[in-house]
Amino acid sequence: EPEVTQTPSHQVTQMGQEVILRCVPISNHLYFYWYRQILGQKVEFLVSFYNNEISEKSEIFDDQFSVERPDGSNFTLKIRSTKLEDSAMYFCASSDLQNQPQHFGDGTRLSIL
Amino acid sequence: EDQVTQSPEALRLQEGESSSLNCSYTVSGLRGLFWYRQDPGKGPEFLFTLYSAGEEKEKERLKATLTKKESFLHITAPKPEDSATYLCAVPSSGGYNKLIFGAGTRLAVHP
């Protein structure tokens, strides 16, 4: 069964450094998303991406964050100048159409020291 | 404001002891309700989509139902491998595909 893959599974970074989280969505999907889950809290939406542009973003997704689909298969989340409070699990998801189920990867655990 | 509330927060069952998990939602113009299973350290795994009141979906020991205000996930004769956190999510009323998640129900099934 097709799946969303994310790398790395765990990233440890010093505060103030930049990180890039990578995702390979399911190949025929058109909509891509990033969510995060702080330990013990709800899964929360960051951004959605369709047709090579951001279609929606949350208040969390400020100028520190950016997304890119650099080629036909990868989808990346860049966090510039990381802060301690960016420590969380970051999940990538994809769906083939609007209002269809979003399929999630197993996440990247980001630890900011 | 869009909201998803799940209860109970945690549920402990004996193997074979059936029960139900609740997801109540407040959203304008429901465009689907999604159930996911999340194992520790993993991403949410899609289980079911429900689109209209009265709809039911089944998969093995799980059955999901939907009313105009809430959804139930019924677990029949659970096994220890059903232990996980079960998440409910709805698309936000004002956005495209932004999912609003509940906090989940942590289910533990003991032999």
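Up top you'll find the structure we're talking about.
Scope of this entry: the structure provided in the associated data block. These figures come from a predicted structure and were not determined experimentally.

Parameters and conventions
For every chain, the first residue of its written sequence is number 1, and the numbers climb from 1 along that sequence. The lettering of chains begins at A and the numbering of ligands begins at 1, in the order of writing. In keeping with the predicted nature of the model, local features appear solely for residues at pLDDT of at least 70, side-chain atom pairs appear and are counted solely at 80 or more, and the whole-chain, interface and lining totals rest on all residues. Heavy atoms throughout the structure, all of them, feed into the side-chain values; hydrogens and water do not. Two strands qualify as a pair provided DSSP detects at least 2 bridges between them. Strands are runs of DSSP state E lasting at least two residues, helices are runs of H or I lasting at least four, and both sets are numbered from the N terminus onward. For every element, the axis is a line fit to its C-alpha atoms; helices are fit only across the contacting stretch, and the angle between N-to-C directions ranges from 0 to 180 degrees. It only takes one pair of heavy atoms within 4.5 Å for two residues to be counted as in contact. In short, buried area is how much 1.4 Å probe accessible area vanishes from two parts on joining, totalled over both. Whenever Lys or Arg places a side-chain nitrogen within 4 Å of a carboxyl oxygen from Asp or Glu, that contact is recorded as a salt bridge. The definition of a polar contact used here is a pair of N or O atoms within 3.5 Å, where within protein one atom must be able to donate a hydrogen and the other to accept one, and adjacent residues in sequence count solely through side-chain atom pairs. Only Asp, Glu, Lys and Arg are considered charged in this grouping, and only Ala, Val, Leu, Ile, Met, Phe, Trp, Tyr, Cys and Pro are considered nonpolar; every other residue, Gly among them, is considered polar. Between the rings of Phe, Tyr and Trp (Trp by its six-membered ring), a pair exists once the centres lie within 6.5 Å; its type follows the angle of the planes, with under 30 degrees stacked, over 60 edge-to-face, and the other angles tilted. Burial here depends on accessible area, computed with a 1.4 Å probe over protein chains only, as a share of the maximum for the residue type. Under 20% is buried, over 50% is exposed, and the range in between is partly exposed.

A short note on the sheet that holds strand S1 (residues 3-7) of chain B
All names here are of chain B.
- Judged by pairing direction, the sheet is antiparallel, and its 5 strands sit side by side in the order S1-S3-S8-S7-S6 without closing on themselves. Both edges of this open sheet fall to S1 and strand S6 (56-59), since each of them pairs with a single strand only. In this sheet, neighbouring strand axes are inclined to one another by 15 degrees on average, regardless of whether the strands run parallel or antiparallel.

Quick word on the interface of chain A and chain B
- At the interface, 23 residues of chain A touch 22 residues of chain B.
- In this assembly, chain A packs against chain B so that about 1900 Å² is buried in total across both faces, 52% of it on carbon and sulfur atoms.
- Linking chain A with chain B are 1 salt bridge.
- Viewed at the interface, chain B and chain A are joined by 7 residue pairs in polar contact (both at pLDDT 80 or more).
- Those elements that provide at least two residues to the side of chain A that touches chain B are strand S4 (31-37), strand S5 (43-50), strand S6 (53-57), strand S9 (88-95) and strand S10 (103-104) of chain A.
- Classifying every residue of the side of chain A that touches chain B by side-chain character gives 10 nonpolar, 9 polar and 4 charged.

Overview of the packing of aromatic side chains
- Evaluation of the coordinates by the stated rule reveals 14 aromatic pairs over all chains.
- Seen from their ring centres, Phe-32 of chain A and Phe-75 of chain A are 5.5 Å apart, and the 40 degrees between their planes marks the pair as tilted. Of the two residues, Phe-32 of chain A is situated in strand S4 and Phe-75 of chain A in strand S8 (residues 75-79); the sequence distance between them amounts to 43 residues.
- Relative accessible area serves as the criterion here: at 4%, Phe-32 of chain A is assigned to the buried category.
- Taking 5.6 Å as the distance between ring centres and 25 degrees as the angle between the ring planes, the aromatic pair formed by Phe-61 of chain A and Phe-65 of chain A counts as stacked.
- Residue Phe-65 of chain A is classed as buried on the basis of its relative accessible area, which comes to 4%.
- In textbook terms, an aromatic cluster arises when at least three aromatic residues are bridged by ring pairs, as seen for Tyr-33, Tyr-35, Phe-45, Phe-91 and Phe-104 of chain A together with Tyr-36, Phe-46 and Phe-101 of chain B.

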